[in-house]
Each structure stands twice: as C-alpha cells, then as structure tokens.
Amino acid sequence: MTIQRIKPGPRMSGAVVHGDTVYLAGQVANTTAGKSVTEQTTEILSIIDGLLAEAGTDKSKILMANIWLTDMSTFQEMNAVWDSWVSPGNTPARATVEAKLAAPPFKVEIAVIAAK
C-alpha cells in the first residue's frame, strides 16, 4: 500500500494517507495565534477542512478527534465552534484534554483521523 504525504516538512507532514485512512497532524492557528479560543478553533477547523479535501475526504468521515486546550475553562467556547462545524449525524469519537502547547499564543490544537 502506498503512503501519501500532504504538506510534508522536515519535522512532520500536515496529513498522511495510508490506504483508506487519513491521519492529520495536530493543527494550530496560524493567523489567529494569540487571539480567542473561538477564533483559533474556527481557523483550525478551516485548516482541517482543507487538509481533508486535499486527501480526498471531508469532515463527515472523521473517525477520531483529539483536542488539546491550554485552559479547560474554555471548553464550552471551543465546543460552540466545534458543534456548529461538525457534520450532524457523523460525530467522531473524541477526547479533549488540558495541556501546555508548543508556544504560548496557541490555545487550541486539534488532530483528527478520517476515512476516505
């Protein structure tokens, strides 16, 4: 089976496709870093939409999502954006935890695994 790497870099790829499974790296906000959890989550979900499309799939086929928040008190704020974005009837398995992220401006990181 072939492996397709999308947006490969020296440290990681934005996404990797193996067979009918698409693995996305943890995504953080680029342009909204340092802004609200709402803005960062909105941007991250848009990035995820783009990577999934490039891999030949979409959010309705997400199997698993891992979400990291720097402050669990922002859980409801993040969920408000997530709930309006996630495909109704196709909600994935999901875990959300509080953790320090790679740099202080990042408040949210999201990684997903999807089927093609």
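Heads up: the structure comes first, above all this text.
Okay, so let's go over this structure.

What counts, and at which threshold
- Residues numbered from 1 in each chain as written.
- Predicted model: local features only at pLDDT ≥ 70, side-chain atom pairs only at ≥ 80, totals over all residues.
- Heavy atoms only, no water.
- Helix = DSSP H or I, 4+ residues; strand = E, 2+ residues; numbered from the N terminus.
- Expected span 1.5 Å × (residues − 1).
- Buried < 20%, exposed > 50% of the residue type's maximum accessible area, 1.4 Å probe, protein only.
- Contact = heavy atoms within 4.5 Å.
- Axes fitted to C-alpha atoms, helices over the stretch in contact; angles between N-to-C directions.
- Left-handed = near helix turned anticlockwise from the far one by under 90°.
- Nonpolar A, V, L, I, M, F, W, Y, C, P; charged D, E, K, R; others polar.
- Salt bridge = Lys/Arg side-chain N within 4 Å of Asp/Glu carboxyl O.
- Polar contact = N/O pair within 3.5 Å; in protein donor to acceptor, adjacent residues only side chain to side chain.
- Pairing = 2+ DSSP bridges.

### A closer look at helix α1 (residues 37-54)
- Over its 18 residues, α1 runs 25 Å from end to end, which matches the ideal 26 Å to within 8%, given 1.5 Å per residue.
- Those residues of α1 lying buried are Val37, Gln40, Thr41, Glu43, Ile44, Leu45, Ile48, Leu51 and Leu52.
- Where α1 is buried, its residues touch β1 (3-8), β2 (13-18), β3 (21-24), β4 (62-69), α2 (75-85) and β6 (108-115).

### Looking at the packing of α1 against α2
- Where α1 contacts α2, the two axes come as close as 8 Å, and the packing angle between them is 35°. Crossing of α1 against α2: the hand is right-handed. Residues Val37, Thr38, Thr41, Thr42, Leu45, Ile48 and Asp49 of α1 form the contact with α2, whose participating residues are Glu77, Met78, Val81, Trp82 and Trp85.
- Per-class residue counts for the contact of α1 with α2 are seven nonpolar, three polar and two charged.

### Looking at the environment of glycine 56
- Checked against the element boundaries, glycine 56 lands in the loop between α1 and β4.
- For the pair glycine 56 and valine 17, spaced 39 residues apart in the sequence, the C-alpha separation amounts to 9.5 Å.

### So, the pattern of salt bridges
- Enumeration according to the criterion identifies one salt bridge in this entry.
- Residue lysine 7 pairs with glutamate 54 through a salt bridge whose shortest N-O separation is 3.3 Å. With a gap of 47 residues between them, lysine 7 in strand β1 and glutamate 54 in helix α1 connect regions that are remote in the sequence.
- Residue class for glutamate 54 comes out partly exposed when judged on its relative accessible area of 43%.

### Thoughts on unusual backbone geometry
- Positioned with a positive phi, lysine 7 is a non-glycine residue whose angle comes to about 55°.
- Its relative accessible area of 53% is what places lysine 7 among the exposed residues.

### Structural notes on the side chain of glutamine 27
- In this structure, glutamine 27 sits in the loop between β3 and α1.
- Judged by its relative accessible area of 11%, glutamine 27 falls in the buried class.
- At 2.9 Å, the side chain of glutamine 27 and the backbone oxygen of alanine 25 are in polar contact.
- Leaving out residues up to four positions away in the same chain, glutamine 27 has contacts with Gly14, Ile44, Ile47, Ile48, Leu51, Val108, Glu109 and Ile110.

### What to know about the pairing of β6
- Counting buried positions along β6 gives six out of eight residues, so the element sits mostly inside the fold.
- In the sheet, β3 pairs with β6 via three bridges, with the strands oriented antiparallel. When the bridges of β6 are listed, threonine 21 appears paired with alanine 115.
- Sheet topology places β4 next to β6; seven bridges connect them, and they run antiparallel.

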